[in-house]
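Topology and contacts: notes
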Amino acid sequence: MRMQKWITRFMAAALCSAFAPTAFAWDHPAHMTTAAIAFIEIEQSKPELIEKLELVFMAHPDTSPFWVAAGDTRGKERAKRMFIEGARWADDTKGTIHDRPTWHTARWPIVKDDAPPEAKAAAEAVKDRPSGQAIEALVMNYAMLSSAETNHAERASALGWLLHLVGDIHQPLHVSDQFSKEFPAGNGAGTLEYIMDPINKIPMPLHLLWDSNIYRSTELDAVEKNAQALVKKYPRSAFPELKGLEGSGDFEKWARESYDVAVDFAYGYGIETVSDPEKDLDPDKSVKKMVNYILHGVSPLEDAPEVPAEYWDKLQEIAQRRITLAGYRIADLVMAAADQIDAEKSFSGKALATLDN
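The following paragraphs examine the structure supplied in this document. (Residues numbered from 1 in each chain as written. Predicted model: local features only at pLDDT ≥ 70, side-chain atom pairs only at ≥ 80, totals over all residues. Heavy atoms only, no water.)

**Comments concerning unusual backbone geometry**
- Phi is positive for Ala189, close to 60°, though the residue is something other than glycine.
- The residue Ala189 is located in the loop between β2 (176-179) and β3 (193-196) in this model.
- With a phi close to 60°, Lys201 is a non-glycine residue in the positive phi region.
- Residue position: Lys201 is located in the loop between β3 and β4 (203-205).
- What makes Lys201 exposed here is its relative accessible area of 51%. (Helix = DSSP H or I, 4+ residues; strand = E, 2+ residues; numbered from the N terminus. Buried < 20%, exposed > 50% of the residue type's maximum accessible area, 1.4 Å probe, protein only.)

The following block contains the structure:
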């Protein structure tokens, strides 16, 4: 009976965790803000790339969202809107042939002292192999983005995924699962724990509190205003960890930065949460409740613990820094990819010239 109950709880956690990455992932406003920051940086450092970025997204295999985002704009404004849309596209494509549900997280376990032996053993077995393929997906998509041999549609898709996944791995609850007595199969990246939303005053998953933070508007004016404010508040000099790309191993380093935040603060603060009382009974029902919350704002709970003011303030500071850092890193990756493509084309041209001679 005990094992059956544990398996049921594992199924519920696994289902919610599998669902969460495509539903959350910094919310749209935060993803859009990272892209807006990156666009500011690219325009300042390599303005000649702006027109190329527009052409890239015009070749995207799922073009409709980008044309809708662009509207009747032209030139730099159209490129910017498509670029910002690219950062949220991976979430907007949920349920389509372009969806990659396992790409949005790389979750290492956090094991509380009260976790049962089965949970500790399971966490120990995967401690060096995170659940989710965000890191592998970043390695692959950056390789495709930066290769001169990639075709236009593949490059556009790779750029969209890179814009999104760099943001994802900078969110602490996208790289962690907490195992405990209450959540022996993990807390679904924070989707199974509820707190009271400090803004809307309804119970919301802890994961969503980090995804949403204070950025709730997808209006472009608000997104650009937030991006400009963050660049001013946190210039590049505020990030000693901001360095040039040394190799594909950097993606894991960035994710582990976020994991340290999850250990030290997101869960380390000791914030009080409450779980859905029916989470153990019917895994399908738990997932349906989560969908209902995301789509309609209907919470499965009527009440949840308040978020301490100190936690809420610190969360804002951390979220703003991680969003800004992600934006700078996206810009650096896009510019480095462009440089690599130019270098490959130059080498190929010289090689062909040598053959012709």
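**Some thoughts on the environment of Leu145**
- Within the fold, Leu145 resides in helix α7 (residues 134-145).
- Remark: the alpha-carbon pair of Leu145 and Ala158, spanning 13 residues in sequence, is separated by 5.6 Å.

**Brief notes about a nonpolar patch on the surface**
- Residues Leu55, Met58 and Trp67 make up a contiguous nonpolar surface patch of about 280 Å² in total accessible area.
- Within the fold, Trp67 resides in helix α4 (residues 64-70).
- Residue class for Trp67 comes out partly exposed when judged on its relative accessible area of 36%. (Patch = residues over 30% accessible without salt bridge, like charges linked within 9 Å, V, L, I, M, F, W, Y side chains within 5 Å. Areas by Shrake-Rupley, 256 points an atom, 1.4 Å probe, with all protein chains shown as cover. Salt bridge = Lys/Arg side-chain N within 4 Å of Asp/Glu carboxyl O.)

**Let's talk about the pairing of β2**
- Burial of β2 is two-sided: the residues Ser176 and Gln178 facing one way and the residues Asp177 and Phe179 facing the other way are all buried.
- Sheet analysis places strand β1 (residues 108-111) next to β2, joined by 4 bridges and oriented parallel. Across the sheet, Pro109 pairs through a bridge with Asp177, a residue of β2. (Pairing = 2+ DSSP bridges.)

**Looking at the environment of Gly244**
- Within the secondary structure layout, Gly244 lies in the loop between α10 (220-233) and α11 (249-266).
- Overall, the relative accessible area of 51% leaves Gly244 in the exposed class.
- Along the primary structure Gly244 and Leu333 are separated by 89 residues, whereas in three dimensions their C-alpha atoms are 8.7 Å apart.

**Here's the deal with the sheet that holds β3**
- The strand order β4-β3-β5 describes an open sheet built from 3 strands, whose pairing is antiparallel. Each edge of the open sheet is held by one strand with a lone partner, namely β4 and β5 (274-275).

**Re the packing of α7 against helix α8 (residues 152-169)**
- Put simply, α7 and α8 touch, their axes get as near as 8 Å, and they point 145° apart. Between α7 and α8 lies a crossing whose hand is left-handed. On α8, the residues that touch Ala134, Ala137, Leu138, Asn141, Tyr142, Met144 and Leu145 of α7 are Glu154, Arg155, Ser157, Ala158, Leu159, Trp161, Leu162, Leu165, Val166 and Ile169.
- By residue class, the composition of the contact of α7 with α8 is 13 nonpolar, 2 polar and 2 charged. (Axes fitted to C-alpha atoms, helices over the stretch in contact; angles between N-to-C directions. Left-handed = near helix turned anticlockwise from the far one by under 90°. Contact = heavy atoms within 4.5 Å. Nonpolar A, V, L, I, M, F, W, Y, C, P; charged D, E, K, R; others polar.)

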